[in-house]
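Residue-level listing of the chains:
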Amino acid sequence: MNVEELTTAAEWREAYAVMRELRTHLALEDYLALLEPMRREGYRLLALRDDHGAIVALAGIIILTNFYDGRHVYVYDLVTRSDVRSQGYGATLLRQVEALARRAGCGKVVLSSGVQRVDAHRFYEQRMGYTRASYVFRKTLSEPPTQE
């Protein structure tokens, strides 16, 4: 198994089926369109491949700095293909993200997980040693008013 950064449109297309298991609302066209500006902002898409070369897990990450976490890796996306879950792929990939964070001089790995993802929370807390630190609040903004 090896972890690699996906950097080409062909690799992103290959990864889409796995990413879609986490981001079910994303059509292929939207996924590809969003990847470009995300990458310009520092987003990196990492893939764990099995011994046959198939993508079994993905991590979408960025290195950020802020007042409360200092320099850290933020994990936007972490998903293991549903047919191979509970085989250690997610743990392997997340450990690689942690190693990357250390090499980059980061003091933390931070992620947010939807409230409905109870199994994922158990994985982060019990298997990987993460602590639940906050709630994330979100407000969808309406379209800005038109000027007349």
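Scroll up for the structure.
Residues numbered from 1 in each chain as written. Predicted model: local features only at pLDDT ≥ 70, side-chain atom pairs only at ≥ 80, totals over all residues. Heavy atoms only, no water.

Novice: Explain the sheet that holds strand 3 (residues 55-66) here, please?
Specialist: For sheets, the rule is that strands pair by backbone hydrogen bonds, running either parallel or antiparallel. Here we have five strands laid out as an open sheet, ordered 1-2-3-4-5, and mixed in their pairing. Since the sheet does not close on itself, it has two edges, and those belong to strand 1 (2-6) and strand 5 (108-111), each with one partner. For this sheet the average axis-to-axis angle between neighbouring strands, irrespective of direction, equals 35°. Note: strand 1 against strand 2 (residues 44-49), five bridges, orientation antiparallel. Within the sheet, the bridge partner assigned to Glu4 lies in strand 2 and is Ala47. Across the face of the sheet, helix 1 (residues 9-22) comes into contact with strand 1, strand 2, strand 3 and strand 4 (70-80) while running at roughly 85° to strand 4. (Pairing = 2+ DSSP bridges. Helix = DSSP H or I, 4+ residues; strand = E, 2+ residues; numbered from the N terminus. Axes fitted to C-alpha atoms, helices over the stretch in contact; angles between N-to-C directions. Contact = heavy atoms within 4.5 Å.)

Novice: In this structure, what is going on with helix 2 (residues 28-40)? I would like to understand it.
Specialist: Because the α-helix completes a turn every 3.6 residues, residues three or four places apart line up on one side. With 13 residues, helix 2 ought to run about 18 Å at 1.5 Å a step, and its terminal C-alpha atoms sit 19 Å apart, in line with that. Those residues of helix 2 not exposed but buried are Tyr31, Leu32 and Leu35. Residues of helix 2 that are buried in the fold lie against helix 1 and strand 2. Phi turns positive, to about 115°, at Gly42, one or two residues after helix 2. (Expected span 1.5 Å × (residues − 1). Buried < 20%, exposed > 50% of the residue type's maximum accessible area, 1.4 Å probe, protein only.)

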